[in-house]
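# Structural overview
What follows is each chain in one-letter form.
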Amino acid sequence: MPSKIDFKTTSFDSGGRISQLEFSMETINNGNPVIGIKTSEGILIATGKNNLSYYSDSSQFLTKIFLLEENIFCAITGSNPDAQALVDNARIQAQQFKQTFQEIIPLKKILTIICDIKQKFTQTGGKRPFGTSLLIGGFDSVNGFQIFRTEPSGNFSEWKAVAIGLNSYTNQTILDEEFKIDLTIEDALQIILKIFYKKIKSFKLSSKIEIFILKHDDKQQLVINCLSPNEIDSLLKKTETLKVD
Amino acid sequence: MDTIISLNGKGFGISAIDTLSFKSFLITKNNLNKFIEIGKNKFLAVSGYPGDVIQFTDFLQKTIQLYTLKTGLSLSTRSVANCIRKELSDCLRKSPLNINLTLIGFDKIYGSSLYFIDYLGTLQRMNYCIQGHSSLILSSFLDRYYKKEMNLAETLNILKKCSDIIKTRFL
């Protein structure tokens, strides 16, 4: 029966688009907000957590940031189960690479592994695409710190500062204004607070966002830091005192 | 059985291999090139049955090349050595190949490194190594005369002495 929208996932419609991919972007635009900022010192990724009811007990399963390898982590948005399947697969591939080459998988390689899987589902098999967008951050000895964003179509792009998920358009505008080339991690944390705080305002910030930082520590070792709830709250206090002044 | 003698010098690695190709008691070719290049700064010296050698090294060379094209990054000598070891280990448990290799590679940070790889999947990084039957005789010679950080002239001298010993003792 003739219809403007073709619901078959693996074929183009008359406008030259794959409608399922457009719909999956809708899923992503309703997912939790994720911000990634690359500074000269390291990478910062912050995600918003879902609202918890008082009786909800799944605090340990709420995290939206996963470690793919020692120095590679990714933040997910959109459909959680889809993203988990991708993350599991990526982790297995990273370890298989390590088994063969005894080396940590390069960032670009694990990125292409994930994106190839995503692309396959848009062209063959008649299955729906993955309704997730991943933000993958890591360090390479060749290219330094990098942040990549992957989309349901299998497309990926490298960013200095990027926002995905809920309100991504507004957040990206804020990032475009605030981002400078020589940011430090402290500055980047302030930008993140600016983005999240205006929506949250009251009570505990740490129950609403989580922040991961990848940087070199004093001994030049790569370290992934997950800010504890106290540290996130204390960030807020720092800004508060600045505002008062 | 072919002989491979390899040494690590100051900022370089050197390897000598005989160029004879034989089938039971007949010499079929006496100037066969048994070195295979992998990437821009690594090479393999391979000994063993010619069919197995070509099948394995061809596959390896092209796999590494594909990897370099796909990711735009080059592998370190250590990664390549471990890749070879894994492939040989897998082959051993399916259809054993009778080849022995020595991998010499140069990395910017580590300098030159030498890896001894056996047909059983043995992997060891060494300063000097010998493969083949002549290892029975030459190991003790090299134990005595090898020094770290030799220059090119000294290593060539040692290789010449090794070759003289082989001529004296082997058929």
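Described in the following lines is the structure provided in the data block. (Residues numbered from 1 in each chain as written. Chains lettered and ligands numbered in written order. Predicted model: local features only at pLDDT ≥ 70, side-chain atom pairs only at ≥ 80, totals over all residues. Heavy atoms only, no water.)

## Some details on the overall build of chain A
What chain A contains, in helices and strands, is six helices and ten strands. Within chain A, contacts between residues at least 6 apart in sequence are counted, and of these 62% link residues at least 24 apart. Carbon and sulfur atoms make up 53% of the accessible area of chain A, which amounts to about 13,000 Å² in all. (Helix = DSSP H or I, 4+ residues; strand = E, 2+ residues; numbered from the N terminus. Contact = heavy atoms within 4.5 Å. Areas by Shrake-Rupley, 256 points an atom, 1.4 Å probe, with all protein chains shown as cover.)

## Focus: the sheet that holds strand S6 (residues 42–48) of chain B
Residues and elements named next belong to chain B. Read from one edge of the open sheet, five strands run S5-S6-S7-S8-S9, paired in antiparallel fashion. The two strands at the open ends of the sheet, each matched to only one other strand, are strand S5 (35–38) and strand S9 (123–126). Direction aside, neighbouring strands of the sheet carry axes that sit 25° apart on average. Summarising the sheet, S6 and strand S7 (residues 99–107) pair through seven bridges and their orientation is antiparallel. Of the residues in S7, the one forming a bridge with Lys42 is Gly105. Where helix H1 (residues 50–71) meets the sheet, it contacts S5, S6 and S7, and its direction lies at approximately 160° from that of S6. (Pairing = 2+ DSSP bridges. Axes fitted to C-alpha atoms, helices over the stretch in contact; angles between N-to-C directions.)

## What about the interface of chain B and chain A?
Between chain B and chain A, the residue contacts involve ten residues of the former and eleven residues of the latter. Overall, the association of chain B and chain A removes approximately 1,100 Å² of surface from exposure, summing both partners, and the carbon and sulfur fraction of that is 61%. Together, B:Tyr67, B:Leu73 and B:Lys86 form the three largest contributors to the area buried by chain B at its contact with chain A, with a combined 40%. Here chain B and chain A share zero salt bridges between them. (Buried area = accessible area lost by both parts, 1.4 Å probe. Salt bridge = Lys/Arg side-chain N within 4 Å of Asp/Glu carboxyl O.)

## Digging into the pairing of S5(B)
Residue and element names in this part refer to chain B. Residue alternation in S5 divides its side chains into a buried set, Ile36 and Ile38, and an unburied set, Phe35 and Glu37. In this structure, S5 lies alongside S6, joined through four bridges in antiparallel fashion. The residue bridging Ile38 from the neighbouring strand is Lys42, located in S6. Once S5 ends, the chain turns through three residues before running back antiparallel as S6, passing Gly39 with a positive phi of about 65°. (Buried < 20%, exposed > 50% of the residue type's maximum accessible area, 1.4 Å probe, protein only.)

## Structural notes on the nonpolar core
A:Leu68, A:Ile136, B:Leu44, B:Phe56, B:Ile84 and B:Leu101 are the most contacted members of the largest nonpolar core, which has 46 residues in total. Those residues in contact with A:Leu68 that sit more than four places away from it in its chain are A:Phe73, A:Cys74, A:Val87, A:Ala90, A:Arg91, A:Ala94, A:Ile110, A:Ile114 and A:Ile136. Counting residues in each nonpolar core, the second largest holds 27 residues, with A:Ile37, A:Leu175, A:Ala188 and A:Leu235 among its members. (Core = buried A, V, L, I, M, F, W, Y, C linked by side-chain atoms within 4.5 Å.)

## Observations regarding a nonpolar patch on the surface
Nonpolar side chains collect at one region of the surface, where B:Leu20, B:Phe22 and B:Ile27 lie side by side and expose about 260 Å² of accessible area between them. With respect to the element layout, B:Ile27 can be found in strand S4 (residues 26–29). (Patch = residues over 30% accessible without salt bridge, like charges linked within 9 Å, V, L, I, M, F, W, Y side chains within 5 Å.)

## Considering the packing of helix H2 (residues 80–101) of chain A against helix H2 (residues 77–92) of chain B
At a closest axis distance of 6 Å, the pairing of H2(A) and H2(B) adopts a crossing angle of 90°. Comparing the axis directions of H2(A) and H2(B) gives the class roughly perpendicular. In this structure, H2(A) uses A:Gln99, A:Thr100 and A:Phe101 to contact H2(B), whose residues at the interface are B:Arg78, B:Ser79, B:Asn82, B:Cys83 and B:Lys86. Taken together, the residues that form the contact of H2(A) with H2(B) break down as two nonpolar, four polar and two charged. (Parallel < 35°, antiparallel > 145°, perpendicular 65-115°, else oblique. Nonpolar A, V, L, I, M, F, W, Y, C, P; charged D, E, K, R; others polar.)

## What about the packing of aromatic side chains?
Under the defined criterion, the tally for this structure stands at ten aromatic pairs over all chains. Seen from their ring centres, B:Tyr128 and B:Tyr146 are 4.7 Å apart, and the 40° between their planes marks the pair as tilted. Placement of the pair is B:Tyr128 in strand S10 (residues 128–131) and B:Tyr146 in the loop between helix H3 (135–145) and helix H4 (152–169), with a sequence separation of 18 residues. Assessed through its relative accessible area of 11%, B:Tyr146 is described here as buried. Within the aromatic cluster, the residues linked to one another by ring pairs are A:Phe97, A:Phe101 and B:Tyr67. In this structure, B:Lys161 packs its charged tip against the face of B:Tyr145, placed 5.3 Å from the ring centre. (Phe/Tyr/Trp six-rings, centres within 6.5 Å; stacked < 30°, edge-to-face > 60°. Lys NZ or Arg CZ within 6 Å of the ring centre and 35° of its normal.)

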